[in-house]
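Descriptive analysis of the structure
If you want the building blocks of each chain, they are given just below.
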Amino acid sequence: MIAASLAYNSYLSRDVIFPKFKVLSYALSQAEPWSELIAGTYSQTPFDLTPYIQAVEFSGETMRVQLADESALLFHPDAGALRATIGPGRAIRLREGFEGLAETDWLWTFSGTI
């Protein structure tokens, strides 16, 4: 079970809520393991994939995202300028919250690798 803040739980009782999410991509190394990422002591700044995502869904151990790449070149595996942000071995984390709720109160609901 995911522990939620009092602020987060108060949003759940509202009549109308507007869900928000953030998907971050991390370049993990042997020197900075998953434990540091989960604990929040990871030293590198992640790449925010959120502006490029049209849809996100996750179930159990699988998360699927639909990238919005109108040029079809940003994430191209051979020559895309952002190809490294979704390359094999990258760590991906999903954070969910609500419009109007401080992002620090959002919940990390998925962590995995590409």
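Structural data are supplied above this passage.
Please read these numbers as outputs of a predicted model, since none were measured by experiment.

Now for the overall build of the chain. Counting secondary structure elements, the chain contains two helices and six strands. Tracing the chain from N to C terminus, the helices and strands come up as α-β-α-β-β-β-β-β. A separation threshold of at least 6 residues defines the contact pool for the chain, and within that pool the share at least 24 residues apart is 57%. Carbon and sulfur atoms form 54% of the exposed surface of the chain, whose accessible area is close to 7,500 Å².

In this sheet, strand S5 (residues 91-98) lies alongside strand S1 (residues 19-26) in antiparallel orientation, the contact comprising eight bridges. Each bridged residue has a counterpart across the sheet, and for Phe21 the counterpart in S5 is Glu96. Bridging between S1 and strand S2 (residues 47-48) involves two bridges; their strand directions are antiparallel. By the bridge assignment, Ser25 is partnered in S2 with Phe47.

The next thing to look at is the side chain of Lys22. Here Lys22 is to be found in strand S1. One polar contact links Lys22 to Glu103, side chain to side chain, over a distance of 3.3 Å.

Moving on, we get to the nonpolar core. By size, the foremost hydrophobic cluster in this structure holds nine residues: Val23, Leu49, Ile53, Met63, Phe75, Leu82, Ile92, Leu94 and Phe110. If we ignore the near neighbours within four places in the chain, the residues touching Leu82 are Phe47, Tyr52, Leu74 and Phe75. Core analysis: the next-biggest nonpolar cluster, separate from the first, contains five residues, Tyr26, Leu37, Tyr42 and Ala91 among them.

Taken as a whole, this structure holds three aromatic pairs when the rule is applied. Taking 5.5 Å as the distance between ring centres and 80° as the angle between the ring planes, the aromatic pair formed by Tyr26 and Tyr42 counts as edge-to-face. Within this pair, whereas Tyr26 is found in strand S1, its partner Tyr42 is found in the loop between helix H2 (34-39) and S2, the two being separated by 16 residues in sequence. For Tyr26, a relative accessible area of 6% corresponds to the buried category. With 5.5 Å between their ring centres and 80° between their planes, Tyr52 and Phe75 make a pair best called edge-to-face. Taken together, the residues span a long stretch of sequence, with Tyr52 in the loop between S2 and strand S3 (53-59) and Phe75 in the loop between strand S4 (62-67) and S5 at a distance of 23 residues. Put simply, the rings of Phe47, Tyr52 and Phe75 touch in pairs and so form one group of aromatic residues. The ring of Trp108 has Arg93 lying over it, and the distance from NZ or CZ to the ring centre is 4.1 Å.

Right, let's get into the environment of Glu70. For Glu70, the location among the structural elements is in the loop between S4 and S5. With relative accessibility at 84%, the residue Glu70 sits in the exposed group. In the structure, Glu70 is positioned 18 residues away from Tyr52 in sequence and 9.6 Å away in space, judged by C-alpha atoms.

Next up on the list: the environment of Ala81. Relative to the helices and strands, Ala81 resides in the loop between S4 and S5. Judged by its relative accessible area of 69%, Ala81 falls in the exposed class. If sequence neighbours within four positions are ignored, Ala81 has contacts with Leu73 and Leu74.

Conventions used here
Residues numbered from 1 in each chain as written. Predicted model: local features only at pLDDT ≥ 70, side-chain atom pairs only at ≥ 80, totals over all residues. Heavy atoms only, no water. Helix = DSSP H or I, 4+ residues; strand = E, 2+ residues; numbered from the N terminus. Contact = heavy atoms within 4.5 Å. Areas by Shrake-Rupley, 256 points an atom, 1.4 Å probe, with all protein chains shown as cover. Pairing = 2+ DSSP bridges. Polar contact = N/O pair within 3.5 Å; in protein donor to acceptor, adjacent residues only side chain to side chain. Core = buried A, V, L, I, M, F, W, Y, C linked by side-chain atoms within 4.5 Å. Buried < 20%, exposed > 50% of the residue type's maximum accessible area, 1.4 Å probe, protein only. Phe/Tyr/Trp six-rings, centres within 6.5 Å; stacked < 30°, edge-to-face > 60°. Lys NZ or Arg CZ within 6 Å of the ring centre and 35° of its normal.

None of this, on its own, says anything about what the molecule does.
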